[in-house]
Amino acid sequence: DYSQAQKSFENVAQQQGELGQDSLFNLGNTFYRAGQQDPAIAAYRQAILQNPQDKEAIHNLQLVLQQKQQQQNQNNQNNQNQDNNSLYVSYLKHVP
């Protein structure tokens with residue numbers, strides 16, 4: 001289960017050095033799989049700070065950031081559609 005994995009990785013991630021970096025990367029993966037984008041982004045960023053050459057962490061960070069942006073764009077579009085529908089319904093109420 002992801003919550004137990006999270007706790008394990010968080011404990012190990014507190015250590016210094018390469019093990020900490022690997023654990024941060026794995027923690028990012030765990031958060032991502034659990035649908036928690038912001039904590040995943042933070043974990044990947046910390047992993048990259050410890051090892052700026054980690055191509056997998058960089059790739060995963062870019063992937064999560066892209067997905068987050070796409071979701072925000074979709075949410076904005078949905079909100080715009082709802083606003084337009086509300087205006088149309090309001091307009092229809094005033095049309096004889």
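What counts and how
- Just so you know, the residues in each chain are numbered from 1, in the order the chain's sequence is written.
- Only residues with pLDDT of at least 70 get local features here, since the model is predicted, and only at 80 or more are side-chain atom pairs given and counted; chain-wide, interface and lining totals rely on the full set of residues.
- Here the side-chain values reflect all heavy atoms present in the structure, with hydrogen atoms and water set aside.
- Segments assigned H or I by DSSP are reported as helices when at least four residues long, segments assigned E as strands when at least two residues long, and all are numbered from the N terminus.
- Only protein chains enter the accessibility calculation, which uses a 1.4 Å probe. A residue is then buried if its area is under 20% of the maximum for its type, exposed if over 50%, and partly exposed in between.
- In this analysis, two residues are considered to be in contact whenever any of their non-hydrogen atoms come within 4.5 Å of each other.
- A 1.4 Å probe and the Shrake-Rupley method give the accessible areas. Residues count as covered only by the protein chains that appear here.
- Among the buried residues, those of types Ala, Val, Leu, Ile, Met, Phe, Trp, Tyr and Cys that are joined through side-chain atoms within 4.5 Å form a nonpolar core.
- Pairing of aromatic side chains requires ring centres within 6.5 Å, counting the rings of Phe and Tyr and the six-membered ring of Trp. Pairs whose planes differ by under 30 degrees are stacked, by over 60 edge-to-face, and all others tilted.

1. Structural notes on the overall build of the protein chain
Next, step 1: From N to C terminus, the protein chain includes four helices and zero strands.
Next, step 2: The buried share of the protein chain, taken over its 96 residues, is 25%.
Next, step 3: Relative to all contacts within the protein chain whose residues are 6 or more apart in sequence, the contacts with residues 24 or more apart total 42%.
Next, step 4: Total accessible area computed for the protein chain in this model is approximately 7,000 Å², and 48% of it derives from carbon and sulfur atoms.

2. Focus: the nonpolar core
Next, step 1: One finds Phe25, Tyr44, Ala47, Ala57 and Leu61 to be the most contacted residues of the largest nonpolar core, which totals 13 residues.
Next, step 2: Those elements that provide at least two residues to this core are α2 (18–33), α3 (37–50) and α4 (55–94).
Next, step 3: If one sorts the elements of this core by residue count, α3 sits on top with six residues.

3. Here's the deal with the packing of aromatic side chains
Next, step 1: For the structure on display, the rule yields one aromatic pair.
Next, step 2: Consider the rings of Phe25 and Tyr44, whose centres lie 6.0 Å apart with planes at 50°: the pair is tilted. Taken as a pair, Phe25 in helix α2 and Tyr44 in helix α3 lie far apart in primary sequence, 19 residues in all. Both residues of the pair, Phe25 and Tyr44, belong to the buried class.

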